[in-house]
Amino acid sequence: MRKSACFVILVPEGNMSSWSELSNELHKTVQAVGQSVITVQAESNRTVSGIVLDERTIVTTASVMNDGEKIRVWVSPDQQVDAKVIGRDRGTDIALLQS
């Protein structure tokens, strides 16, 4: 499974002496966060993105999945894993999947 998501960027002003350094730090952060974004596909072939929260838990949009539907997630272009819905909140359109 991919790395867990991390969304906090703390950059002390004293440590960023140039735009180049700031650019490099942002690049590293985007690369790290990007490793936690995966592809989620419901049985009806609707495809959305998901975010890895931990080794077996993924958060994604709830509106593309129906109850009991087979769900596949791609953790890399050549590695697919089956998942199931373990919770959803239709009001916020968020679903939790477990692989």
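Details of the structure are given in the entry above.
This one's a predicted model, so the numbers in the text were calculated from it and none came from an experiment. (Residues numbered from 1 in each chain as written. Predicted model: local features only at pLDDT ≥ 70, side-chain atom pairs only at ≥ 80, totals over all residues. Heavy atoms only, no water.)

Peer 1: Help me get a handle on the overall build of the chain, residues and values and all.
Peer 2: A tally of helices and strands in the chain yields one helix and six strands. Reading the secondary structure of the chain in the N-to-C direction produces α-β-β-β-β-β-β. Across the chain, every contact between residues at least 6 apart in sequence was considered, and the portion connecting residues at least 24 apart equals 48%. Here the chain displays about 6,500 Å² of accessible surface, and carbon together with sulfur accounts for 52% of that area. (Helix = DSSP H or I, 4+ residues; strand = E, 2+ residues; numbered from the N terminus. Contact = heavy atoms within 4.5 Å. Areas by Shrake-Rupley, 256 points an atom, 1.4 Å probe, with all protein chains shown as cover.)

Peer 1: I'd like to hear about the nonpolar core, residue by residue, with values.
Peer 2: Of all hydrophobic cores here, the largest spans 15 residues; its most connected members are Ile38, Val40, Ile58, Met65, Ile71, Val73 and Leu97. Within the residue set of this core, elements represented by two or more residues are β1 (37–42), β2 (47–52), β4 (71–76) and β6 (94–98). Not counting residues up to four positions away in its chain, the partners in contact with Ile71 are Val40, Gln41, Met65, Val81, Asp82, Ala83, Val85 and Leu97. (Core = buried A, V, L, I, M, F, W, Y, C linked by side-chain atoms within 4.5 Å. Buried < 20%, exposed > 50% of the residue type's maximum accessible area, 1.4 Å probe, protein only.)

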